[in-house]
Every structure is written in C-alpha cells, then in structure tokens.
Amino acid sequence: MFCSKCGEKNPDGARFCARCGAAIAAAGPVSGPVPAPPRRRSRVPLVTACAVAAVAVVVAAALVLPGLLGGGRAAQERQASNAALSYGRGVVSSGDYDYLYSTSVGGICRVKNDGSAVELIRPIDSSTYWVPALAVDGDTVFFVLDDFTDDGGASELRSVRADGSEEKLVTTSSAFGGGSQTISQLCVYDHKVYVTSTVNGSTQVYTMGADGSGLKMIFNQSNASSPLVLSDAVYYVANFDSSYTLMAWDSGTNQVRTLYSGAGASAGALCMAGGRLVYTEYPSSGNMSVVSISTDGQDRRVLWANMSDDAYGHVAAASNDAVYLVFYVPGSYEAWNLLRVPLDGSDVQTVAQNLTYYNPTVCDMGGRLVICENGGDISGANMRVMSMSYDGTSQVTYPLG
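About the criteria used
Residues numbered from 1 in each chain as written. Predicted model: local features only at pLDDT ≥ 70, side-chain atom pairs only at ≥ 80, totals over all residues. Heavy atoms only, no water. 1 Å grid on protein atoms, 1.4 Å probe; cavity = no way out; pocket = protein on both sides within 12 Å on 5 of 7 lines; lining within 4 Å. Points joined across faces, edges and corners; volume = space filled by probe spheres on them. Nonpolar A, V, L, I, M, F, W, Y, C, P; charged D, E, K, R; others polar. Salt bridge = Lys/Arg side-chain N within 4 Å of Asp/Glu carboxyl O. Buried < 20%, exposed > 50% of the residue type's maximum accessible area, 1.4 Å probe, protein only. Helix = DSSP H or I, 4+ residues; strand = E, 2+ residues; numbered from the N terminus. Pairing = 2+ DSSP bridges. Disulfide = S-S within 2.5 Å.

With an unreviewed UniProt entry as reference, the protein chain is termed DUF5050 domain-containing protein, source organism Candidatus Olsenella stercoravium.

In structure tokens:
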C-alpha cells in the first residue's frame, strides 16, 4: 500500500508510513578554438591586458565561486531538496554548525559538524510542542513551533540567533488566511523566507521578509504533494488513483505547466540534482524506479530500477551529481542500505549497509550527508543523528544523549 502523504510503498497492514510517519487510513496508491595571445609590442598593452585579465578573474570568481563554495543557485537547490525530501524535519547547516530539533537534547540544538560541542539553544517541551521545519540564514535560525495537543491552534514561525538569543515571533499560520493550517516546509533565499502551508487539501506557498513583513501568497494548488520550492519556481506532483502528473509553476509568468504524466503509477517527493528533477516512481504493479527529467519536461531518464519484488525504498537526498536512496533490505522493514545513484547512469553504489535509523531523513550538506532518525512519533524526533562522507567512508555519530 502507498502512503497518501508522501507516496511511500508500505507493507500491507501497516498503520503508519515507514517514511513520513503519517497514519495510513487504507490501502491503495496515492492519489571554437582558443585564440593565440597577441604579441607584445610595448609594456603598456601588457599592463592593460593584465589589468583586464585580473578583472575577468574577479568577475569569474564572483560568478563561479558561490556555486563552488555552497552559495548561489546550487545552495538554493540543495536547501529546497532537503526541505522537500525530509518534510522539513531534517537538519540545516551554517558555517561549522548543524542545527536540528532533538527530543533527546531537549529542543533546538547546534552541533559542530565534526560531531562535537552539542549546545542547546532553544529548549522545547516535547510533551506538548514539536518543530516540524527549520531553516538557517547566516547566524539566524528560523523554526516552526507547533502545539500538537491543540488541533485548532496556529503554527508559529519564530527566529532566534544561533547562540539562542534575540528570539522573535515572525508570524503565525493564522495570518495565511485562517483555518487549520500546518507549516510543512521552510526555506530562506537571499534573506527572504518561503513558507509552505497546507489547508483543506490545498498547498500554499508564502513569501515574506525575515521580520514577517510583506507577507504574500505566491502559490496555491490542490493535490500538490511535497512541493519543491525555489525562488523562481515551484515543482510538484499531483497523485491520483492510478496516475500522476508532474507540474511546474513559474514565478515570472505566474503560469502552471505540465511536465510529464505517468499512467499506472504514483510518484514520491521531488528533489533537484544537477539542475534536473529526480523522484521515485511506484508502479501499480511492478517494482519502483528512480527517474530524472529536465525542468522543461524533456529528456526523461530511468536512472535505476529495482529488480526485487520484496524490497522498496525512496529517494532521500540529492547532491550535484547523484541522488541517495534509502533502500530497505529485502524481507526487512527496519534495516536499510544507503545507495548512491549517479545522474550519469553509471553503476549504483552502496554507501552504507544495515542501518537501523527508524523513519530516516537524509540531508545533503554540500560535501557530506547527515542522517537523522525521526522516531515513531513527533515526541521522539532525532533521537539519533550521524554525519558521513558521500562515499560513506567517514562516519560520525552525534552525541545527543
């Protein structure tokens, strides 16, 4: 049976989704050559040429280095993919620190990304509250605070400095138009906050300043599961009983485009790797596959197809040249392997084996992966967390208590 929230394939009779933890009500699919340098005739042209070359180097560095060092478009795609694939419940990173919500630590904490110096920066009573989404912008951490004992209560979007000081209320979900709304994703691009909210089956995306000013809804669609929210577009999947449609909304035109329609299958959450959209496809009959498609809906490729009838998984993280798959060991619904699926179609590699992190999320931190255990319920979030290199050779378990 498939989870109606995330599209995950679950064993028959499962009460909760093994991926996102949602309750499963019933079985069924979810809805030219380089010119030669000029000969030197005098020192003046040479000096001028050097000056021009120096300017060119500076300009090139300004354009290229942000992507290489984790900024710019690459960082935006990474943040959007982490938020979409982890439903906001993963880990975010800035500088030498990773930030996450952990019930075993007692709230939002920061950890040196070498696994040392765990520090609680915002205590939270996990018997009443939980944090479904996090984002970080420099030394400011944005987080969503939910009271899960109050079904009609509004989610709060708050910010706090990285050292735990200067906490502020940015806005509440009641400012999004009323009704019972939940905030499921949170991203910050160029100091602008992007919030994804769900109300009455409709997915909405709002933007605002870091202080909550200029609140504006930019996206509102029904049956838009796990949207991939970027500053210039929102990509999403509409799942139906026996088909799915891959859609895109463009901010420049304010128009929705159909990228691809798949029959006899459902689709999992979207991510972006190397500028291409990637997702897991679950046929109504047959085995799952990992699919890549360009953002204009062309050049669709099957990167990997599962050949086992008794094993399943999902795309959990995306880097620039590969996606990482949580793949459950055949015959087991607890132990799983982490697979690396290259975008170029080369051989799939097993990065780690027999991991037992329950309901895991995997986030790409730009050079490494962080694996979080979300636990069986929201009061047991991130009991265990580990960081590892892309090839799995270097692993550090965070001392969260």
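Colleague: I would appreciate a short explanation of empty space enclosed by the protein in the present structure.
Modeller: Where empty space is left can be seen by rolling a probe of water-molecule size over the atoms. The volume enclosed by the largest cavity comes to roughly 60 Å³. Of the residues belonging to the lining of the largest cavity, the class tally is six nonpolar, four polar and one charged.

Colleague: It is not clear to me how the pattern of salt bridges should be interpreted in this structure. Could you clarify?
Modeller: A pair can form between side chains of opposite charge whenever their charged atoms are brought close. Per the stated rule, a full pass over the model turns up 15 salt bridges. Here Arg 158 ties to Glu 167 by a salt bridge, and the two come within 3.2 Å at their closest N and O atoms. For the salt bridge of Arg 301 with Asp 299, the shortest nitrogen-to-oxygen distance reads 2.7 Å. Among the residues examined, Arg 301 registers a relative accessible area of 35% and is labelled partly exposed. With a relative accessible area of 40%, Asp 299 lands in the partly exposed category. In this structure, a network of salt bridges that share partners links the residues Arg 122, Glu 156, Arg 158 and Glu 167.

Colleague: For this particular structure, what's the right way to read unusual backbone geometry?
Modeller: Glycine aside, negative phi is the norm for most residues, and most peptide bonds take the trans geometry. Here Glu 166, not a glycine, exhibits a phi torsion of approximately 55°, which is positive. Topologically, Glu 166 is positioned in the loop between β8 (156–161) and β9 (168–172). Located in the positive-phi region is Asn 223, a residue other than glycine, with phi close to 50°.

Colleague: How should the pairing of strand β28 (residues 368–373) be read in this particular structure?
Modeller: Within a regular beta strand, the side chains point alternately toward one face of the sheet and then the other, so they alternate between its two faces. Along β28, six of the six residues are buried, which leaves the element largely enclosed by surrounding structure. Of the two faces of β28, the one holding Arg 368, Val 370 and Cys 372 and the one holding Leu 369, Ile 371 and Glu 373 are both buried throughout. Examined bridge by bridge, strand β27 (residues 360–364) and β28 share five bridges and lie antiparallel to one another. Its bridge partner being in β28, Val 362 is matched across the sheet by Ile 371. The turn linking β27 back onto β28 is made up of three residues, and Gly 366 within it adopts a positive phi angle of 80°. By the bridge criterion, five bridges tie β28 to strand β29 (residues 385–389) in an arrangement that is antiparallel. Pairing of Arg 368 across the sheet is with Ser 389, part of β29.

Colleague: Would you mind showing me how to read the state of the cysteines here?
Modeller: When the sulfur atoms of two cysteines share a covalent bond, that bond is a disulfide. Enumeration according to the criterion identifies zero disulfides in this entry. Of all cysteine sulfurs, the one in Cys 372 lies closest to Cys 109, which takes part in no disulfide; the gap is 9.7 Å.

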